[in-house]
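Below are the chains, spelled out letter by letter.
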Amino acid sequence: MRMVKFLKMLSISVREGTATRKYPFESPLVTPEFRGKIEVDPVKCVGCGACTRICPPKALTIGNEGDEIVLKYFEGRCIFCGMCAYVCPQKAITVSKEFELATWELGDLYDEVVHTTVKCRICGKPFTTVKFVKEVEKRIDNKVPEDLLTVCPECRKKLTARKIGSKVVGVSGE
Amino acid sequence: MLAVSDGGKPDLTMSEFALNKLEEVFTKLKRSVWVFHLNTGSCNGCDIEVLDVLTPYFDVERFGIKLVGSPRHADLILLTGPVTIKTIGKVVRAVKAMPRPRLVLALGSCGVGGGIWFNTYATLGGYPQLEKILKDAGVEVDRVVYVPGCPVRPEAIIYGVAVLLGLLQPKSKHRRVSAVEG
């Protein structure tokens, strides 16, 4: 009886073949829709920070480091949702198929894009990237007043208040 | 600090011989790693992928990797989840119960960096934060490999184990490029 059962199994296994994937020795099963690690194109990226605001786990962060603005991508926290690629106005972010990211060092999981900054002409604080200012200029056909383009948001508020004040009251805001 | 109560027993130490020849131990440890699956408050996504690795489809038993029920029998801990505050004591005790050399595979974006729970009040935020607590408790971990993914793919787990055992070199490298005009 046992012998018969064994023969039954043998016929099934011969028909069905091996189910096991030989993964390390063959290519992994990656579908066209698969989303892996993202890649930021340093040529297209303007450092606007749209991706950092949409990123659910805040794997993408943007911040000042001295005189530079650095867009940091921490693969270790990324959930591979692809929202950053969807929202990027410059189409600088592409979703790759790379998922074999295992590493010894946490530092290996960081990708950084370093931007040069524009300094506020009033307070001298670096507040945005050179490429972002250029992109804004391009998008509004150079219609923005030159004196407002290189002023940080804080100083711009004060400047606008002063302008309105001088118009309404007729006194200079100084 | 968070109490890790186990009767104040000293940490299990390796013999002098084994400590001096840690590298030799690792060269011998190339196959038949016994793994213990430690869930530290995970969403179960990574846990399902860990089970996937053990099914006939990926069948890691062809490499001798076997899931065991107790950390005392294990060489490697598969740590999933962002380490919630409630689990810290138990996690430290489980890691402490492992014999040296202790290996840890931090799985998933939660295990590596806390995932979307990296800065909440109820979690530590992944293995790097847990490592500090382990150090305070006097528990040494000999090797760690971080495997990102949400959830981690079964292939990525196999790849992570291969990196951990020194069979493969990690592909990820720190990249710092300046944005060029174009």
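Before reading on, note that the structure itself is shown above.
Residues numbered from 1 in each chain as written. Chains lettered and ligands numbered in written order. Predicted model: local features only at pLDDT ≥ 70, side-chain atom pairs only at ≥ 80, totals over all residues. Heavy atoms only, no water.

1. Focus: the overall build of chain B
From N to C terminus, chain B includes 7 helices and 6 strands. Residue burial in chain B is summarised as follows: out of 182 residues, 52% are buried. Within chain B, contacts between residues at least 6 apart in sequence are counted, and of these 78% link residues at least 24 apart. Taken as a whole, chain B presents about 8900 Å² of accessible surface, with 57% of it coming from carbon and sulfur. (Helix = DSSP H or I, 4+ residues; strand = E, 2+ residues; numbered from the N terminus. Buried < 20%, exposed > 50% of the residue type's maximum accessible area, 1.4 Å probe, protein only. Contact = heavy atoms within 4.5 Å. Areas by Shrake-Rupley, 256 points an atom, 1.4 Å probe, with all protein chains shown as cover.)

2. Observations regarding the layout of surface pockets
When its volume is computed, the largest pocket comes out at roughly 290 Å³. Around the largest pocket, the lining comprises 17 residues; the ones closest to its centre are P24 of chain A together with F63, I158, A162 and L167 of chain B. Per-class residue counts for the lining of the largest pocket are 13 nonpolar, 1 polar and 3 charged. (1 Å grid on protein atoms, 1.4 Å probe; cavity = no way out; pocket = protein on both sides within 12 Å on 5 of 7 lines; lining within 4 Å. Points joined across faces, edges and corners; volume = space filled by probe spheres on them. Nonpolar A, V, L, I, M, F, W, Y, C, P; charged D, E, K, R; others polar.)

3. Brief notes about the nonpolar core
Formed by 31 residues in total, the largest nonpolar core has its most connected members in L76, L105, L107 and V147 of chain B. If you list the elements that add at least two residues to this core, you get α2 (22-28), α3 (45-54), β3 (76-80), β4 (103-107), β5 (143-147) and α7 (154-164) of chain B. If you tally residues by element for this core, the top one is α7 of chain B, at 7 residues. For L105 of chain B, the residues in contact, after removing those within four places along its chain, are L76, I77, L78, L79, V145, V147, I157, G160, V161 and L164 of chain B. F74 of chain A together with M98, L130 and L134 of chain B belong to the second-largest nonpolar core, a separate cluster that totals 26 residues. (Core = buried A, V, L, I, M, F, W, Y, C linked by side-chain atoms within 4.5 Å.)

4. So, the interface of chain B and chain A
In this assembly, 43 residues from chain B lie in contact with 49 residues from chain A. In total, about 4000 Å² of surface goes out of reach between chain B and chain A, with carbon and sulfur atoms giving 58% of it. At the boundary of chain B with chain A, the tally comes to 6 salt bridges. Between R176 of chain B and E65 of chain A there is a salt bridge, with its nearest N and O atoms 3.5 Å apart. One can count 18 residue pairs in polar contact (both at pLDDT 80 or more) joining chain B with chain A. Mapped by element, the contributors of at least two residues to the side of chain B that touches chain A are α5 (108-113), β5, α7 and β6 (175-178) of chain B. With 7 residues, the top contributor of residues to the side of chain B that touches chain A is α7 of chain B. The residue inventory of the side of chain B that touches chain A, partitioned by class, reads 23 nonpolar, 10 polar and 10 charged. (Buried area = accessible area lost by both parts, 1.4 Å probe. Salt bridge = Lys/Arg side-chain N within 4 Å of Asp/Glu carboxyl O. Polar contact = N/O pair within 3.5 Å; in protein donor to acceptor, adjacent residues only side chain to side chain.)

5. As for the packing of α3 of chain B against α7 of chain B
Residues and elements named next belong to chain B. Between α3 and α7, the least distance of the axes is 9 Å, while the angle of their chain directions is 75°. With respect to each other, α3 and α7 are oriented roughly perpendicular. Seen from α3, the contacting residues are E49, V50, D52 and V53; seen from α7, they are P154, I157 and I158. By residue class, the composition of the contact of α3 with α7 is 5 nonpolar, no polar and 2 charged. (Axes fitted to C-alpha atoms, helices over the stretch in contact; angles between N-to-C directions. Parallel < 35°, antiparallel > 145°, perpendicular 65-115°, else oblique.)

6. Brief notes about unusual backbone geometry
Residue and element names in this part refer to chain B. A cis amide bond links C150 with the next residue in sequence, P151, at an omega value of -10°. Although it is not a glycine, D59 sits at a positive phi angle of roughly 45°. Looking at the secondary structure, you find D59 in the loop between α3 and β2 (66-67).

7. Some points on the packing of aromatic side chains
Taken as a whole and judged by the stated rule, the model has 4 aromatic pairs over all chains. Here the aromatic rings of F74 of chain A and Y110 of chain A are separated by 4.5 Å at their centres, their planes lie at 10°, and the arrangement is stacked. In this pair, F74 of chain A is assigned in strand β3 (residues 68-74) and Y110 of chain A in strand β5 (residues 110-119), connecting sequence segments 36 residues apart. A relative accessible area of 27% places Y110 of chain A in the partly exposed class. Its guanidinium or amino end placed over the ring of F118 of chain B, R77 of chain A lies 4.0 Å from that ring's centre, counting from NZ or CZ. The ring of F99 of chain A has R153 of chain B sitting right over it, with the charged end atom 4.8 Å from the ring centre. (Phe/Tyr/Trp six-rings, centres within 6.5 Å; stacked < 30°, edge-to-face > 60°. Lys NZ or Arg CZ within 6 Å of the ring centre and 35° of its normal.)

8. Notes on the sheet that holds β3 of chain B
All names here are of chain B. The strand order β2-β1-β3-β4-β5 describes an open sheet built from 5 strands, whose pairing is parallel. With partners counted over all chains shown, the strands left at the sheet margins are β2 and β5, one partner each. As paired strands, strand β1 (residues 34-39) and β3 are joined by 5 bridges and run parallel to one another. Paired with F36 across the two strands is I77, which belongs to β3. (Pairing = 2+ DSSP bridges.)

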